Amino acid sequence: QVQVVESGGGLVHPGGSLTLSCAASGSIFGIYVIGWYRQAPGSQRELVAQISSGEVRRYADSVKGRFTISRIFRTDDKYLVDLQMGSVKDDDAAIYYCMHRDLNPPPGRDTWGKGIQVTVSS
C-alpha cells in the first residue's frame, strides 16, 4: 500500500509564494506519477502539476510559469515532491491534494492525501 501526506499549506498574500510538500511512502516502484491537484469550493478537483517516475512534468495552463513541481527526491523510505507556488492569485485558493498513481500493470490505483488548505488573502 501507498501512503500520501501533504504539508506546508496556509495563508499567502496575492503575488506571494508558498511551497507545498508531498511525502509518499509504501509500495512505490516501477512506473508511477505523483501529482498535485486542487479543489476550490463549488468546483471540481483539477490537476495542477504532476511528475512521472521518468521525470516528465505536466502543468495546468492556469499555473504555467508560476508554479513549479520539483523533481522526486528519494529518501530511505519516502518519495518527496514539492509544489513551489509563485505569483499567487486569488483563484489559487483551494484545498490542494497530492496523489500517487501506480501505472504498473495490472491497472494500478490512485492514492490520495487528505488535502491541505491554501488561502489567498491580503
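Look a little higher up for the structure.
These figures come from a predicted structure and were not determined experimentally.

> Could you give an account of the overall build of the chain, with specific residues and numbers?
Counting its secondary structure elements, the chain contains zero helices and 12 strands. Along the chain, helices (α) and strands (β) appear in the sequence β-β-β-β-β-β-β-β-β-β-β-β when read from the amino end. Taking 122 residues into account, the globule formula puts the C-alpha radius of gyration at 14 Å, and the chain, at 14 Å, falls close to it. Along the first, second and third principal axes, the C-alpha atoms of the chain reach 45 × 30 × 25 Å.

> With reference to specific residues and values, describe the state of the cysteines.
Should the sulfur atoms of two cysteines be covalently bonded, the bond is a disulfide. Considering all chains together, one arrives at one disulfide under this definition. One disulfide bridge connects Cys22 with Cys98, the sulfur atoms lying 2.0 Å from each other. With the S-S dihedral at roughly -80°, the linkage between Cys22 and Cys98 falls on the left-handed side. Here the residue Cys22 occupies a position in strand β3 (residues 18–26), and Cys98 occupies one in strand β10 (residues 94–102), the gap between them amounting to 76 residues. Accessibility expressed as a relative area gives 2% for Cys22, which makes it buried.

> Talk me through the nonpolar core; I want residue IDs and the actual numbers.
Generally speaking, a soluble globular protein has its nonpolar side chains buried in company with each other. The biggest cluster of nonpolar side chains holds 30 residues, and the ones touching the most others in it are Trp36, Leu83, Met85 and Tyr96. Where this core is concerned, the elements lending two or more residues are β1 (2–7), β3, β4 (32–39), β5 (46–52), β7 (67–69), β9 (78–85), β10 and β12 (116–120). For Tyr96, the residues in contact, after removing those within four places along its chain, are Glu6, Leu20, Trp36, Tyr37, Arg38, Val48, Phe67, Leu83, Met85, Gly115, Ile116 and Val118.

> Describe the environment of Tyr37, with residues and values.
Inspection of the secondary structure puts Tyr37 in strand β4. Expressed as a C-alpha distance, the spacing of Tyr37 and Gly54, which sit 17 residues apart in the sequence, is 19 Å.

> Tell me about the environment of Ala60, residues and numbers included.
Of note, Ala60 is situated in the loop between β6 (57–59) and β7. In contact with Ala60, not counting residues within four places along its chain, are Leu47 and Val48.

> Hey, could you go over unusual backbone geometry for me, with residue numbers and the actual values?
The linkage connecting Pro105 with the following residue, Pro106, adopts the cis geometry, with an omega of 0°. Of note, Glu55 is a non-glycine position whose phi angle comes to about 70°, a positive value. By the secondary structure assignment, Glu55 is in the loop between β5 and β6. Residue class for Glu55 comes out partly exposed when judged on its relative accessible area of 30%. In this structure, Ser87 takes a positive phi of about 45° despite not being glycine. Tracing the backbone through its elements, the reader meets Ser87 in the loop between β9 and β10.

Rules and cut-offs
Residues numbered from 1 in each chain as written. Predicted model: local features only at pLDDT ≥ 70, side-chain atom pairs only at ≥ 80, totals over all residues. Heavy atoms only, no water. Helix = DSSP H or I, 4+ residues; strand = E, 2+ residues; numbered from the N terminus. Rg over C-alpha atoms; globule rule 2.2 N^0.38 Å. Disulfide = S-S within 2.5 Å. Buried < 20%, exposed > 50% of the residue type's maximum accessible area, 1.4 Å probe, protein only. Core = buried A, V, L, I, M, F, W, Y, C linked by side-chain atoms within 4.5 Å. Contact = heavy atoms within 4.5 Å.

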